[in-house]
There are 2 protein chains.
Amino acid sequence: MSKLTDVPKRILIGRALRSDRLGETLLPKRIALPVFASDPLSSVAYAPGEVLLVLSIAGVSAYHFSPWIAVAVVVLMFTVVASYRQNVHAYPSGGGDYEVANTNLGPKAGLTVASALLVDYVLTVAVSIASGIENLGSAIPFVVEHKVLCAIAVIVLLTLMNLRGVKESGKLFAIPTYVFVTGVFLMIAWGAFRGLVLGDTMKAPTADFTIKAEHQGLAGFALVFLLLRAFSSGCAALTGVEAISNGVPAFRKPKSRNAATTLAAMGLLAVTMFCGIIALAMATNVRMAERPAHDLLENGVAVGSDYVQNPVISQVAEAVFGSGSFLFIVLAAATALVLFLAANTAYNGFPLLGSILAQDRYLPRQLHTRGDRLAFSNGIVLLAGAAILLIWIYGADSTRLIQLYIVGVFVSFTLSQTGMVRHWNRHLATEKDQAKRRHMVRSRAINAFGAFFTGLVLVVVLGTKFTHGAWVALLGMVIFYATMSAIRKHYDRVAEEIAAPEGPSDDSLRPSRVHSVVLISKIHRPALRALGYAKLMRSDTLEALSVNVDPAETKALRDEWERRGFTVPLKILDSPYREITRPVIEYVKGLRRESPRDVVSVIIPEYVVGHWYEHLLHNQSALRLKGRLLFTPGVMVTSVPYQLESSEVAKKRARRRSEWTAPGSVRRGPAEHRPKEPSGSSGSSGPKR
Amino acid sequence: MSKLTDVPKRILIGRALRSDRLGETLLPKRIALPVFASDPLSSVAYAPGEVLLVLSIAGVSAYHFSPWIAVAVVVLMFTVVASYRQNVHAYPSGGGDYEVANTNLGPKAGLTVASALLVDYVLTVAVSIASGIENLGSAIPFVVEHKVLCAIAVIVLLTLMNLRGVKESGKLFAIPTYVFVTGVFLMIAWGAFRGLVLGDTMKAPTADFTIKAEHQGLAGFALVFLLLRAFSSGCAALTGVEAISNGVPAFRKPKSRNAATTLAAMGLLAVTMFCGIIALAMATNVRMAERPAHDLLENGVAVGSDYVQNPVISQVAEAVFGSGSFLFIVLAAATALVLFLAANTAYNGFPLLGSILAQDRYLPRQLHTRGDRLAFSNGIVLLAGAAILLIWIYGADSTRLIQLYIVGVFVSFTLSQTGMVRHWNRHLATEKDQAKRRHMVRSRAINAFGAFFTGLVLVVVLGTKFTHGAWVALLGMVIFYATMSAIRKHYDRVAEEIAAPEGPSDDSLRPSRVHSVVLISKIHRPALRALGYAKLMRSDTLEALSVNVDPAETKALRDEWERRGFTVPLKILDSPYREITRPVIEYVKGLRRESPRDVVSVIIPEYVVGHWYEHLLHNQSALRLKGRLLFTPGVMVTSVPYQLESSEVAKKRARRRSEWTAPGSVRRGPAEHRPKEPSGSSGSSGPKR
């Protein structure tokens, strides 16, 4: 049955491009940066705030640790960026972390990374949208009062856009991202100017609040644990760094170098913004608490559950630019927009990953086909559905969602860096050239340090966040892993079952005869056509078959058959239950019993209709019969279509559908991006029969 | 794609019976009464209370009108019963009201009746379940606190039972119905005995309450209107009377006479119970109000929204038998049970009506086939879904739902009685025999009075209940009518389009040649089988076709083809987008362009799998290709199935499915219940080719 939703015409012009023309859509660095880096850059909208939230547990005094946390995050960022620069040079095919782990650590590790990435995509959507809504809400109060509703609305909107197949326009990404980056830098610069040069006191809206510390005066082990927790929250700033390694094929030549440069630029921008925001937050005395209703006190009184805790970036902007000022609004809007765009990267990354996984038979095969709209649509809808579920369960609270977010990211960081170390070891074993060796040793050192550090962070994250929600992410990973394993096992088993034997098999021994049976209910055009086609096929026997559901109609059929003088014999089957399927199946089985080596070809007229509801009105019995016939050995089923007038509509729709651009096609680059032999030419072999 | 739910084995034994053996399951009167009359008999559980609720608007003093209302209802009941006794004699085929209206008043009237009946079925489920829950709640308080939840649970349970195909056992119906009837009669007798002989004062639990009348001291027009409203509420007692006329074929011979007798018995029982309950309600001073939270006062204070207003039958039982006594519990349970059984009649009446409507092409054709499990399942699920929606919207409040209920019933009463008058007129025009003529004139008089009276009641119901909810029922009727008209129009248009022309048509002019194309992706067993079968068909040309999605795989395919020395030529199509559908379509169209009078036969290997999820992993591209091919003129598509091991599971399941008993098969009686020519014998005509 056809898909029930009909997707309207694409809003952007242009047919899907042939691969040899895709060169025109390869991205220059200045466009690639926003396209691929919107995820990590947008993370600075929530990561600094998360640090403060955790620190607030020990009271405002703990805030003075935040610069140290920031330093740790910066070091980690530099490490990860440096490590990934090695990745993009070594694996320019865009397989990303999955390919690195798969190639170097084996399929189980690869599948683990894949599961982590899939969970990551869902959480990217959930966290980015939730945070975007919170940032938008700082300018538009209505949004904050209906957080879950607005969040779900945005997800639905993004889903529809991606289902339509909006071509991921680089320019569409560039503007909000650059506005956001510029805005934050402007804010940092202006804040620094005002504070250091003009000597203004800038106060955040929460500057006068106090925090009721859960644990005042923490020390020793507990303090260290708290700092680690704060650090792991700050690591949310690193989410999305690996996107560039997935997208190397989309860069202009030299691909790897441009990708590496973009990575560096992104890292630099991100750490600057992160540190700048933390610094300004300290300078303007931002006060944030994990449970503000409880622990945030205004004049000694808890602010209560009606209080809306605005994100740190918005509080700082308010302090630096002034409440409700033009720049404040612009920054809030750009932040929200860039967060929504970051969510969109998941919609594009997902089919890419799905295609690669399908090629390795971990997912249904049709995801591997480029233009397969329906399979992608299903995947996009699943992604959106999972994100909506999370948003709904967690009340669109970005802080709670972030607890789930970081685990998957660091699993794939650690495994991919470890894989790179193995990669370099493998190459060092065979490489002779001294210059190349030195380069490899250096890369290996970087990746080793990266693996060690990210592994450590992974342990910290698991330790500090397991009960806070990380277990949900792990559960998701387990489910994905199990499903993909099962799919792979299934494909392997089936491939074994159907492997063609050497030498002649039972099937290639030509069966002796073929009996054709045409199903007739009434003499109309479709039936006449089926009869005509059947006669063409020159089978050993041919007869028409009708089931006696209504005696009056059957008699009329027989009379007309004789009147028209058809030479094909008409056989009527009794049906006391007024059903069609069983008598036909019994008859076909009877034919096969008489001559087991013969094949029965059942020819069924089929109406081709235009609208989905018309499917409900026609062909249902034929469909059911076909289904049962397929179980009967030695039978083949032929459909002879008769196109009704309304099918013209559907034909046009199907043609439009095939011209649809799959999401992520810009990121994937040209079709031949995985190393393989050059494309074969078409031709035929052997004489015509 | 196969249906996702797998339904477990039937719990009752016995295969579907052949029509010649169905004689054993025809119902004797004592079983037919509970099966067909449970709906009208159960109506007395809510109808008397509805009368009191409406009267309470004018204060307790208005209660003394209730005996008069009861008399009016009794007269109406006798009229309707007498009228339907004519129906069952004149139309013993079980077409019921639809057939009467269709035959005598034309298709539009017939369709109106059908729409009314369909709405009626949904409301039967909703009202009966809601009322059953309220009655159950008088014994089990938990149920009443979660009315909507329990109601929906019961509907789901009933739906599952009917999906499984539990054979509607007559005995299953008989016991609760007879317990209910006996219980009510016992209550009436015992109450009369205690009140009149022993002189006990029996007080209902609400006897001490007062009612704050909305309009005290109504008179004149307003009073008449109120009485009419109360009367139309009391008419809820008549719902379901027509069920017997639909079920005449299921009676033992003489069918019509037995059905008429059962009707009379049912009418007698119903009016007795109705009047008895009203009388006891008056005697025990039951106090009920439409909005009890507001208008029911206990010691001058409104009882508030926590108060649960128990149904009148339960209040009377409490007064007569004593609160919490054994008989009280038994009666409450039996009342609830018989109401649930009444709801079940809708599950059985619906496929019956659907089958008849499908035969007249107002509904999809597959509903006409007896054993079509899937179509019935869909209908049952739709019915349940609509009922659940109503229950949810109206908060499982039987009083509010009843406002919708009565309209549809009286539409079909009125139209069917009018149709009967037409029927008698038609016969009187041709009948000569005096005795028969007298009989017909008498019947006509009865039906005419019935038509007049029910028409009057219909006007009253519309007038008094339109704003209270009847408009919803009318809207439902309009939607059904429009949908069925559209379906009929569609079938008519298609029939016209495909009507076979006299003499030779384009299709029967034998096309010149047929080109066979076998789709190969890899050399495995399914492909070998498809190749083998294709060779059998002796077409004019035969070639194998493969799409170059992966150059490495294509090269391997070509090498193996040569290695195995296949004589069939292999053609490779380029596919720069890595899709399969478009290159194949283009190629096939190319073949047709070269020789427009030729036919292309596309042969596709197909995996037959056992579990629904396996469908997602295989055949998807093949399915999509088949869909597109069907739009291409001059093409026929052959599936060559290869049964994987897992398909054994599905084979067993499909066999079990075909042995399922359709709901309502007991009510429908043997297959040949509509007047038609005797069943033809099977045979063949013409020489074998």
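For the structure, see preceding data.
One structure accompanies this document, and this report is about it. Note that the structure is predicted; figures quoted are calculated from it, not measured. (Residues numbered from 1 in each chain as written. Chains lettered and ligands numbered in written order. Predicted model: local features only at pLDDT ≥ 70, side-chain atom pairs only at ≥ 80, totals over all residues. Heavy atoms only, no water.)

Ile129(B), Phe180(B) and Met187(B) are the most contacted members of the largest nonpolar core, which totals 154 residues. Those residues in contact with Phe180(B), other than ones at most four positions away along the chain, are Leu41(B), Ser42(B), Val44(B), Met273(B), Ile313(B), Leu331(B), Ala334(B), Thr335(B) and Val338(B). In terms of nonpolar packing, the next biggest core, distinct from the first, is built from 153 residues, Val241(A), Met266(A), Val271(A) and Tyr347(A) among them. (Core = buried A, V, L, I, M, F, W, Y, C linked by side-chain atoms within 4.5 Å. Buried < 20%, exposed > 50% of the residue type's maximum accessible area, 1.4 Å probe, protein only. Contact = heavy atoms within 4.5 Å.)

Residue pairs spaced three or four apart in an α-helix point in one direction, given the helix's 3.6 residues per turn. Residue and element names in this part refer to chain A. By the criterion of burial, helix α4 (residues 96-105) is predominantly enclosed, with seven of the ten residues buried. Among the residues of α4, those classed as buried are Gly96, Asp97, Tyr98, Glu99, Val100, Ala101 and Asn104. The inward-facing, buried residues of α4 contact α3 (66-90), α5 (107-137), α10 (243-246), α14 (326-359) and α16 (398-430). (Helix = DSSP H or I, 4+ residues; strand = E, 2+ residues; numbered from the N terminus.)

Once that is clear, we can look at the packing of helix α1 (residues 29-43) of chain A against α14(A). All names here are of chain A. At a minimum axis separation of 8 Å, α1 and α14 run at an interaxial angle of 120°. When the interaxial angle is binned, α1 and α14 end up oblique. Crossing hand, α1 versus α14: left-handed. Contacts between α1 and α14 involve Val35, Ser38, Asp39 and Ser42 from the former and Val338, Leu339, Leu341, Ala342 and Thr345 from the latter. (Axes fitted to C-alpha atoms, helices over the stretch in contact; angles between N-to-C directions. Parallel < 35°, antiparallel > 145°, perpendicular 65-115°, else oblique. Left-handed = near helix turned anticlockwise from the far one by under 90°.)

Looking at where Lys108(B) falls in the secondary structure, it is placed in helix α5 (residues 107-137). Between the alpha carbons of Lys108(B) and Ser485(B) there is a distance of 9.1 Å; along the sequence they are 377 residues apart.

Here the focus is the packing of α3(A) against helix α9 (residues 220-234) of chain A. Residue and element names in this part refer to chain A. Across the interface, α3 lies against α9 with an axial gap of 9 Å and an inter-helix angle of 45°. Between α3 and α9, the interaxial angle falls into the category oblique. As α3 packs across α9, the resulting crossing turns out to be right-handed. Of the residues in α9, those in contact with Ile69, Ala72, Val73 and Leu76 of α3 are Leu227, Ala230, Phe231 and Gly234. In terms of residue class, the contact of α3 with α9 is built from seven nonpolar, one polar and no charged. (Nonpolar A, V, L, I, M, F, W, Y, C, P; charged D, E, K, R; others polar.)

Here we take up the pattern of salt bridges. Per the counting criterion, the structure on display carries 22 salt bridges over all chains. One salt bridge in this structure joins Asp559(A) and Lys555(A), with 3.2 Å as the shortest N-O distance. Taken together, the residues Asp559(A) and Lys555(A), both in helix α19 (residues 551-564) and four residues apart, mark about one turn of the helix. A salt bridge links Arg564(B) to Glu560(B), with the nearest nitrogen and oxygen atoms 3.1 Å apart. In this pair, Arg564(B) and Glu560(B) both sit in helix α19 (residues 551-564), four residues apart, roughly one turn of the helix. Judged by its relative accessible area of 22%, Glu560(B) is partly exposed. (Salt bridge = Lys/Arg side-chain N within 4 Å of Asp/Glu carboxyl O.)

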